[in-house]
Amino acid sequence: MTTEQELQSLFNTLDRDQDGKVSINELFLSPGLSAVISSQTNTSSPQELIVQYDSDEDGSITFEELKQAVKKASNLT
């Protein structure tokens, strides 16, 4: 389980270019953090995370999309 503040911190770390989105490339550049995201969202890979939760289909995950994924997996406190 993670708090929204912890999730925001993790998201900010993954968002290397600070554009408010985490791309598939940014997920692959941080395999350890990517594994944390996968465990919190019950997905097996960065690709699966994007396929399942990229609601605007822009090829990246916003904080809100990530938060919804973690909530759906019942891992947000």
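Residues numbered from 1 in each chain as written. Predicted model: local features only at pLDDT ≥ 70, side-chain atom pairs only at ≥ 80, totals over all residues. Heavy atoms only, no water.

1. Some words on the overall build of the protein
What counts, and what does not: Numbering goes from the N terminus for both helices and strands, where a helix is a DSSP run of H or I of at least four residues and a strand is a run of E of at least two. With the radius of gyration taken over C-alpha atoms, the globule rule is written as 2.2 Å times the number of residues to the power 0.38. Relative accessibility decides the category of a residue: with a 1.4 Å probe and only protein chains considered, values under 20% of the type maximum give buried, values over 50% give exposed, and everything between is partly exposed.
What the protein contains, in helices and strands, is five helices and two strands. Seen in sequence order, the protein has helices and strands lined up from the N terminus as α-β-α-α-α-β-α. Taking 77 residues into account, the globule formula puts the C-alpha radius of gyration at 11 Å, and the protein, at 11 Å, falls close to it. Structurally, the protein occupies a C-alpha span of about 25 × 20 × 20 Å along its principal axes. In the protein, which comprises 77 residues, the share counted as buried stands at 44%.

2. Describing the pattern of salt bridges
Applicable threshold: By convention in these notes, a salt bridge is any Lys or Arg side-chain nitrogen within 4 Å of a carboxyl oxygen on Asp or Glu.
In the structure shown here, the tally under the stated rule is three salt bridges. A salt bridge links Glu4 to Lys67; the nearest nitrogen and oxygen atoms lie 3.2 Å apart. Here Glu4 is found in helix 1 (residues 4-14), whereas its partner Lys67 is found in helix 5 (residues 63-72), with 63 residues between them in sequence. Overall, Glu4 belongs to the partly exposed group, its relative accessible area being 37%. Residue Lys67 is classed as buried on the basis of its relative accessible area, which comes to 10%. With its nearest N and O atoms 2.9 Å apart, the salt bridge here joins Lys21 to Asp58. In this pair, Lys21 sits in strand 1 (residues 21-23) while Asp58 sits in the loop between helix 4 (46-53) and strand 2 (60-62), placing the two residues 37 residues apart along the sequence.

3. As for the packing of aromatic side chains
Let me state the cut-off plainly: Note on ring pairs: Phe, Tyr and Trp rings are taken, using the six-membered ring of Trp, and paired if centres are within 6.5 Å. Classes follow the plane angle, with under 30 degrees stacked, over 60 edge-to-face and the rest tilted.
Tallying each qualifying case throughout the model produces one aromatic pair. Measuring from ring centre to ring centre gives 5.8 Å for Phe11 and Phe63, while their planes differ by 70°; the resulting arrangement is edge-to-face. One end of the pair, Phe11, is in helix 1; the other, Phe63, is in helix 5, and 52 residues separate them in sequence. Comparing Phe11 with Phe63 shows no difference in burial state: the two are buried.

4. Observations regarding the environment of Ser45
Worth spelling out the cut-off: N or O atoms closer than or at 3.5 Å make up a polar contact, with two conditions inside protein: a donor-capable atom paired with an acceptor-capable one, and, for residues adjacent in sequence, both atoms drawn from side chains.
Checked against the element boundaries, Ser45 lands in the loop between helix 3 (31-41) and helix 4. Counting along the chain gives 18 residues from Ser45 to Leu27, while the straight-line C-alpha distance between them is 9.4 Å. A distance of 3.1 Å separates the side chain of Ser45 from the backbone nitrogen of Glu48, its partner in a polar contact.

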